[in-house]
Amino acid sequence: MTAAAMDGEPPAGTAADLAKPPVNEPREAEQFLMQTPQGNPLLLSHTLQELLSKDSVQVELIPEKKGLFLKHVEYEVSSKRFKCSVYRRYNDFVVFHEMLLHKFPYRMVPALPPKRMLGADREFIESRRRALKRFINLVARHPPFSEDVLLKLFLSFSGSDVQNKLRELVQGVGDEFVTCRLATQAKDFLPADIQAQFAASRELIRNIYNSFYKLRDRAERIASRAIDNASDLLIFGKELSALGSDTTPLPSWAALNNNTWGTLKQALKGLSVEFALLADKAVQQGKQEENDVVEKLNLFLDLLQSYKDLCERHEKGVLHKHQRALHKYSMMKKQMMSATVQNKEPESVEQLESRIVEQENAIITMELRNYFSLYCLHQETQLIHIYLPLTSHILGAFVNSQIQGHKEMSKVWNELKPKLSCLFVGSSSMPTPPLSPPEGNFFSN
């Protein structure tokens, strides 16, 4: 993809041609305009549930295929909406991403996870699989993307040349500015203080991103601690089992005709089962928090990051090029005035006048693109706010995970407690273990 397409620069053709799409040109955008209330196409009426129900896409690893030099990782991509599964490689996602940016430079296109050429370990591969799953689900639920032929082909085409097919779909087709029937009217729908609103929204979403980044970091640590706790519980149980299975002979002078050690060993050996069950419950809680809490936070962070990227494309792309076109126009006007004063050849003056007209057309196009970019930014900002209630889903999943995890762990602990009583039979008259050592007995001199 060219830098011009990334920056929102018009595709090949004159500025005058792009300022207003031809009347007879097919307008794909009309088929998938965002759902808006009647009377104002700028405002969206989607709910979070409507977005989430558009599709649910699963991305799973399939067995590695060995190439001549490298192992190729492939994914099975299954769409609930299209009721089909296709095989995709990372590079297929890359081309799909490039075509989306080419066709929708003024929309939130989520970033892809990085490509790692050599030494990709299992942890990296799994992390990238999760990121690809988040990417494709955000795309499949984005209103314009969800109805575009690019998405349908990516999720349903089972041929081997999916990359070429994707490129063919955008070849000779303009971006959304060219295909959208409202593109040249975008300014009419924007509020008068759109620049102030844009600046305020950008600052707000930057702050939200920073807070959610910290929440995700803590949620990762909580889930990691649950898994670490599981490992410790399992080792604790194994050590009890090893202690109970010790076959070292007991000297008669140490036992003094008392079978306490044998009874204790028998009981300790049996406790390892309960500790293994506790470890299993802790792992389940950690995995559940990774899937239901950490991944949802990552999904929302990916969305927020795509908004931040879009803001940068707006400022560094069409806005910057508009300002540059204005500066170039100003310089050409000065040259024209200088040529008139100096009575230069008529042909030279006519050529300069022609260039000025072309530049004026280019400025008109860039102005229209700038307003359309702001129009799309306004709608993308609304989408971010539609996704905000996802916060309650995340918090609900976190609370439920904690309640369920502690409930199941508590049940195992309570079942374990009566089994400790046998540890104290035979050595004294105590029928059950003491809850705590008698005060002062352990640390008194």
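Note that the structure is a prediction, hence the values are computed from the model and not measured.

A. Representation of the overall build of the protein chain. Check the secondary structure of the protein chain and you find 15 helices and three strands. Within the protein chain, buried positions represent 40% of all 445 residues. Nonlocal contacts in the protein chain, meaning residues at least 24 apart in sequence, comprise 77% of its contacts between residues at least 6 apart. Roughly 25,100 Å² of accessible area belongs to the protein chain as shown, and the carbon and sulfur atoms make up 55% of that amount.

B. The nonpolar core, seen in detail. Ranked by internal contacts, the top residues of the largest apolar core, which has 45 residues, are Phe-300, Phe-372 and Tyr-375. Elements represented by at least two residues in this core include exactly helix 3 (48-52), helix 9 (176-179), helix 11 (194-244), helix 13 (260-341), helix 14 (346-387) and helix 15 (390-416). Top element by residues in this core is helix 13. It accounts for 11 residues. Residues within four places of Phe-300 in sequence aside, it is in contact with Ile-208, Phe-212, Ile-384, Tyr-387, Leu-388 and Leu-390. Residues Tyr-75, Leu-100, Leu-150 and Leu-151 belong to the second largest nonpolar core, which totals 32 residues.

C. Local environment of the confidence of the model for the protein chain. In the predicted model, the protein chain carries a mean pLDDT of 81, and the fraction of residues at 70 or more is 73%. Note on residues 1-33: pLDDT is under 50 here. Beyond four places in sequence and across chains, it has 63 contacts. Below pLDDT 50 for its whole length, residues 427-432 participates in five contacts with residues either more than four positions away or in separate chains.

D. Region of the structure containing the environment of Ala-226. By the element assignment, Ala-226 lies in helix 11. For the pair Ala-226 and Lys-287, spaced 61 residues apart in sequence, the C-alpha separation works out to 8.6 Å. Residue contacts for Ala-226: discarding those within four places in its chain leaves Ala-282 and Gly-286.

E. Representation of the packing of aromatic side chains within the structure. Applying the stated rule across the entire model yields 14 aromatic pairs. On the numbers, 5.0 Å between centres and 70 degrees between planes, the contact of Phe-93 with Phe-154 is edge-to-face. Here Phe-93, found in helix 4 (residues 90-103), pairs with Phe-154, found in helix 7 (residues 149-156); they are 61 residues apart in sequence, far enough to count as distant. For the residue pair Phe-93 and Phe-154, the accessibility class agrees, reading buried in each case. Note on Phe-96 and Phe-135: the rings are 6.2 Å apart at their centroids and 80 degrees apart in plane angle, and the pair reads as edge-to-face. One end of the pair, Phe-96, is in helix 4; the other, Phe-135, is in helix 5 (residues 122-140), with 39 residues separating them in the sequence. Of the two residues, Phe-96 and Phe-135, both sit in the buried class. Here a set of aromatic residues connected by ring pairs shows up, and it is made of Tyr-75, Phe-93, Phe-96, Phe-135 and Phe-154. Above the ring of Phe-154, the side-chain terminus of Arg-88 is found at 5.2 Å from the ring centroid.

F. Expanded view of the packing of helix 5 against helix 7. The interhelical angle for the contact between helix 5 and helix 7, taken along N-to-C directions, is 140 degrees, at an axis separation of 11 Å. Considering their axes alone, helix 5 and helix 7 lie oblique with respect to each other. Every pair of crossing elements has a handedness; the one defined by helix 5 and helix 7 is left-handed. Note on element contacts: helix 7 touches helix 5 through Leu-151, Phe-154 and Leu-155, opposite Ile-136, Val-139 and Ala-140. Class assignment of the residues belonging to the contact of helix 5 with helix 7 gives a composition of six nonpolar, no polar and no charged.

G. Fine view of helix 7. For helix 7, every residue scored as buried is listed here: Leu-150, Leu-151, Leu-153, Phe-154 and Leu-155. Of the residues that open helix 7, the one with a side-chain oxygen 3.0 Å from the backbone nitrogen of Leu-150 is Asp-148.

H. Examining helix 4 more closely. For helix 4, built from 14 residues, the straight-helix expectation of 20 Å at 1.5 Å per residue is met to within 8% by its first-to-last C-alpha distance of 20 Å. Among the 14 residues in helix 4, 10 count as buried, and that is most of the element. By the burial criterion, the buried members of helix 4 are Tyr-90, Asp-92, Phe-93, Val-95, Phe-96, His-97, Met-99, Leu-100, Leu-101 and Lys-103.

I. Representation of the side chain of Ser-272 within the structure. Turning to its location among the elements, Ser-272 is positioned in helix 13. Look at Ser-272 and you get buried, because its relative accessible area is 17%.

J. Structural view of the environment of Gln-171. Positionally, Gln-171 belongs in the loop between helix 8 (162-170) and helix 9. Residue class for Gln-171 comes out exposed when judged on its relative accessible area of 63%. In sequence terms Gln-171 and Met-99 are 72 residues apart; their C-alpha atoms lie 9.6 Å from each other.

K. Region of interest: the side chain of Arg-128. The residue Arg-128 is located in helix 5 in this model. For Arg-128, a relative accessible area of 7% translates into the label buried. Aside from chain neighbours lying at most four places away, what touches Arg-128 is Val-73, Tyr-75, Tyr-90, Pro-113, Pro-114, Lys-115 and Arg-116.

Conventions we followed
- Residues numbered from 1 in each chain as written.
- Predicted model: local features only at pLDDT ≥ 70, side-chain atom pairs only at ≥ 80, totals over all residues.
- Heavy atoms only, no water.
- Helix = DSSP H or I, 4+ residues; strand = E, 2+ residues; numbered from the N terminus.
- Buried < 20%, exposed > 50% of the residue type's maximum accessible area, 1.4 Å probe, protein only.
- Contact = heavy atoms within 4.5 Å.
- Areas by Shrake-Rupley, 256 points an atom, 1.4 Å probe, with all protein chains shown as cover.
- Core = buried A, V, L, I, M, F, W, Y, C linked by side-chain atoms within 4.5 Å.
- pLDDT = per-residue confidence, 0-100.
- Phe/Tyr/Trp six-rings, centres within 6.5 Å; stacked < 30°, edge-to-face > 60°.
- Lys NZ or Arg CZ within 6 Å of the ring centre and 35° of its normal.
- Axes fitted to C-alpha atoms, helices over the stretch in contact; angles between N-to-C directions.
- Parallel < 35°, antiparallel > 145°, perpendicular 65-115°, else oblique.
- Left-handed = near helix turned anticlockwise from the far one by under 90°.
- Nonpolar A, V, L, I, M, F, W, Y, C, P; charged D, E, K, R; others polar.
- Polar contact = N/O pair within 3.5 Å; in protein donor to acceptor, adjacent residues only side chain to side chain.
- Expected span 1.5 Å × (residues − 1).

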